[in-house]
Amino acid sequence: MSDMSASAAVWIGMFCAVASCVMSFIILRRMSQQPDPQAEGDVLARLCIMMERETAARVAENEVQRARMAEIERALSTRLDQRHQEMTETFNRIARMMGRDLSEMRVTQAESLREMAEEGRRQSDELRAAVNERLHQAVEKQMQTSFQRVLEQIGAMQKAMGEVSAMTAQVGDLKRLFSNVKTRGGWGEAQLRTILDDVLPEGAYDTNRRLRDDSREVVEFAVRMPVRATVPPVLAIDSKFPTEAYERLLQAVEDCNPDAERAARRALETTLRIEARKIATKYIVPPVTVEFAVLYLPTDGLYAEVARIPGLLDEIGRAYRVIVMGPGLMPAMLRTIHLGYVTLALEKRTDDIARLLGATRQEMLRMDGVLEKLARNASAMSSSIDEARRRTSLVSRKLRDLDMDPQHPVPAGDDGTAPAAHPGMANGARQADMMPTWADDGPHPDGHG
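Residues numbered from 1 in each chain as written. Predicted model: local features only at pLDDT ≥ 70, side-chain atom pairs only at ≥ 80, totals over all residues. Heavy atoms only, no water.

When helices and strands are counted, the chain shows nine helices and five strands. A separation threshold of at least 6 residues defines the contact pool for the chain, and within that pool the share at least 24 residues apart is 63%. As displayed, the chain has an accessible area near 32300 Å², and 59% of this comes from carbon and sulfur atoms. (Helix = DSSP H or I, 4+ residues; strand = E, 2+ residues; numbered from the N terminus. Contact = heavy atoms within 4.5 Å. Areas by Shrake-Rupley, 256 points an atom, 1.4 Å probe, with all protein chains shown as cover.)

Take a look at the structure:
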């Protein structure tokens, strides 16, 4: 880098020397007044000598500058070496200080960690002791509570066992009660009546109705069907509760006795077929009744066991036209009948509205005629009023003409008639003059002509 700087300085010095020589030549040439070749040669020679001297001086100066720059470079190198050595020593001193500080910090941190570990261990021991104490207290309290609850549950169990014993006695009484055919029939009838009252509107069914005039047999419930008829047909509903066959079936299932279960199901099927045949024979009487009847079973368990018999419900419905229903299905069918009552009421209301609209239309037609007559009378009255106003204005003008001063000439009227001869003529003459005018101009203002 120093060599490059020295070469640049040399070249710059040579360029400056050449430039100064050229400038001197130009100045001397201008100073000469007459052009002389020999003088020019001398000038050029002198200029060359000056350039050589200047170049030599510049080279010498460049050598001096190069030597000076070399000395400066050596001084800078020495200074850089010293600075590098100083920085190395400083870095070594800082490293030693940082190492010593790090070792001290490491020792301090180790001591702090040991103190923290001891503090954490002490706090853990205290927390463990507190947790153990609270856990012991909670366990004792929970055990006391659990023991108290167990005692209460044992007391409740004893009370429940007493209630179960009482219920067992009541179930025995209920079994004895249902052993009577009339009693259990009354219970099924009461349950069915409750369902009918809950779903159907008031007066929608009859109880203990006789369907045949030549028979004394009565059906428990006869529901009136929602149809348009003077005497609507009824739906016969009879309640049956074959408890003997049902109890034998339940007992066989509980004892896991397949043979007894099959026998009990056959007995239940036979009982239902017999009851369905009786209902079909007694209570299906078209057109007093509809084409089918309903056999009501008071419990859903009994209905479920009947529904489990393959094809029994379909065969009873197809052969005897009897529908078997339980407490879960009966409200759905009754709601369908209730919907029919609602539809029938809507149809009646629709008919009433249609009749009302027909009567309103007739009244509107009559009102149209009356309004047409009023319009004709109003037009005639309007024309009569216009004519009366015209006659009134005519009479007013004639009266104004009669009231005018006789010293002034009287102008002719708007209708072209001549004025009166003298203002002092009698009223009779004035009326005589006006009457022919009314007769000639048109009908009388009252409209009669």
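The geometry of an aromatic ring pair is captured by the separation of the ring centres together with the interplanar angle, meaning the angle of the planes. A complete count under the given rule lists one aromatic pair for this structure. Ring geometry for Y205 versus F221: centroids 5.9 Å apart, planes at 65°, classification edge-to-face. Here F221 lies in strand β2 (residues 218-224) and Y205 lies in strand β1 (residues 205-210), a separation of 16 residues in the sequence. Taking the relative accessible area as the measure of exposure, Y205 reaches 15% and is therefore buried. (Phe/Tyr/Trp six-rings, centres within 6.5 Å; stacked < 30°, edge-to-face > 60°. Buried < 20%, exposed > 50% of the residue type's maximum accessible area, 1.4 Å probe, protein only.)

Here we take up the sheet that holds strand β3 (residues 234-239). Strands sit in the order β1-β2-β3-β4-β5 across an open sheet of five strands; the sheet is mixed. The sheet terminates laterally at β1 and β5 (322-325), the two strands that pair on one side only. With direction set aside, neighbouring strand axes in the sheet form an average angle of 30°. The pairing of β1 with β2 spans five bridges and is antiparallel. In the strand pairing of β2, Y205 is matched with V223. (Pairing = 2+ DSSP bridges. Axes fitted to C-alpha atoms, helices over the stretch in contact; angles between N-to-C directions.)

Turning our eyes to something else, we now look at the packing of helix α4 (residues 243-254) against helix α5 (residues 258-283). In the contact formed by α4 and α5, the axes pass within 8 Å of each other and the chain directions differ by 160°. Between α4 and α5, the interaxial angle falls into the category roughly antiparallel. The way α4 lies across α5 gives a crossing that is left-handed. Residue-level contacts link A245, R248, L249, A252 and V253 of α4 to A260, E261, A264, R265, A267 and L268 of α5. For the contact of α4 with α5, a count of residues per class yields eight nonpolar, no polar and three charged. (Parallel < 35°, antiparallel > 145°, perpendicular 65-115°, else oblique. Left-handed = near helix turned anticlockwise from the far one by under 90°. Nonpolar A, V, L, I, M, F, W, Y, C, P; charged D, E, K, R; others polar.)

A few words now on the environment of T243. For T243, the position within the fold is in helix α4. Along the primary structure T243 and L268 are separated by 25 residues, whereas in three dimensions their C-alpha atoms are 9.3 Å apart.

This part takes up the nonpolar core. In terms of nonpolar packing, the biggest core is built from 30 residues, with L211, L272, L297, L302, V306, I316 and V322 touching the most fellow members. Broken down by secondary-structure element, the contributors of at least two residues to this core are β2, β3, α4, α5, β4 (293-296), α6 (300-307), α7 (312-320) and β5. Counting residues per element, this core draws most heavily on α5, which supplies seven residues. Among the nonpolar cores identified, the runner-up in size contains 20 residues, and L200, F221, V290 and M325 belong to it. (Core = buried A, V, L, I, M, F, W, Y, C linked by side-chain atoms within 4.5 Å.)

Our focus in this paragraph is the side chain of E220. Structurally, E220 is set in strand β2. If we skip the residues at most four places from it in the chain, E220 touches E189, D206, T207, N208, I237, D238 and S239.

Scanning all chains against the criterion turns up 19 salt bridges. In this structure, the salt-bridge partner of E189 is R193, at a minimum N-O distance of 3.9 Å. You can see E189 and its partner R193 sitting in helix α3 (residues 181-199), four residues apart, about one turn around the helix. Judged by relative accessible area, which is 32%, R193 ranks as partly exposed. Note that E261 and R265 form a salt bridge whose closest N and O atoms lie 3.2 Å from each other. Residue E261 and its partner R265 are both found in helix α5; the two are separated by four residues, about one turn of the helix. Look at R265 and you get buried, because its relative accessible area is 15%. Each of the salt bridges in this network shares a partner with another, and the network as a whole consists of E261, R265, E305 and R308. (Salt bridge = Lys/Arg side-chain N within 4 Å of Asp/Glu carboxyl O.)

Buried within α6 are the following residues: L302, Y303, E305 and V306. Buried residues of α6 fall within an arc of 160° about the axis and therefore sit on the same side. Those residues of α6 hidden inside the fold are in contact with α4, α5, α7 and β5. Near the N-terminus of α6, the side chain that reaches the backbone nitrogen of L302, with its oxygen 3.2 Å away, is that of T299. (Arc of directions from axis to C-beta. Polar contact = N/O pair within 3.5 Å; in protein donor to acceptor, adjacent residues only side chain to side chain.)

The subject of this paragraph is a nonpolar patch on the surface. A cluster of nonpolar side chains, contributed by M87, F91, I94, M98, L102 and M105, occupies part of the molecular surface with about 610 Å² of accessible area. Structurally, the position occupied by M98 is in helix α2 (residues 37-178). (Patch = residues over 30% accessible without salt bridge, like charges linked within 9 Å, V, L, I, M, F, W, Y side chains within 5 Å.)

Remark: α5 packs on α6, axes separated minimally by 10 Å, with the N-to-C direction vectors making an angle of 100°. Taken together, the axes of α5 and α6 lie roughly perpendicular to each other. Across from R265, L268 and L272 in α5, the residues of α6 making contact are L302, E305 and V306.

Within the fold, D238 resides in strand β3. In contact with D238, not counting residues within four places along its chain, are E220, I279, Y283, V294, L295 and Y296.

Quick look at unusual backbone geometry now. The omega angle of the peptide bond from P286 to P287 is 0°, so this bond is cis rather than trans. Within the element layout of this structure, P287 appears in the loop between α5 and β4. Phi at N208 takes a positive value of approximately 50°, unusual for a residue other than glycine. Within the secondary structure layout, N208 lies in strand β1. Although it is not a glycine, C256 adopts a positive phi angle of roughly 55°. Within the secondary structure, C256 sits in the loop between α4 and α5. Judged by its relative accessible area of 65%, C256 falls in the exposed class.

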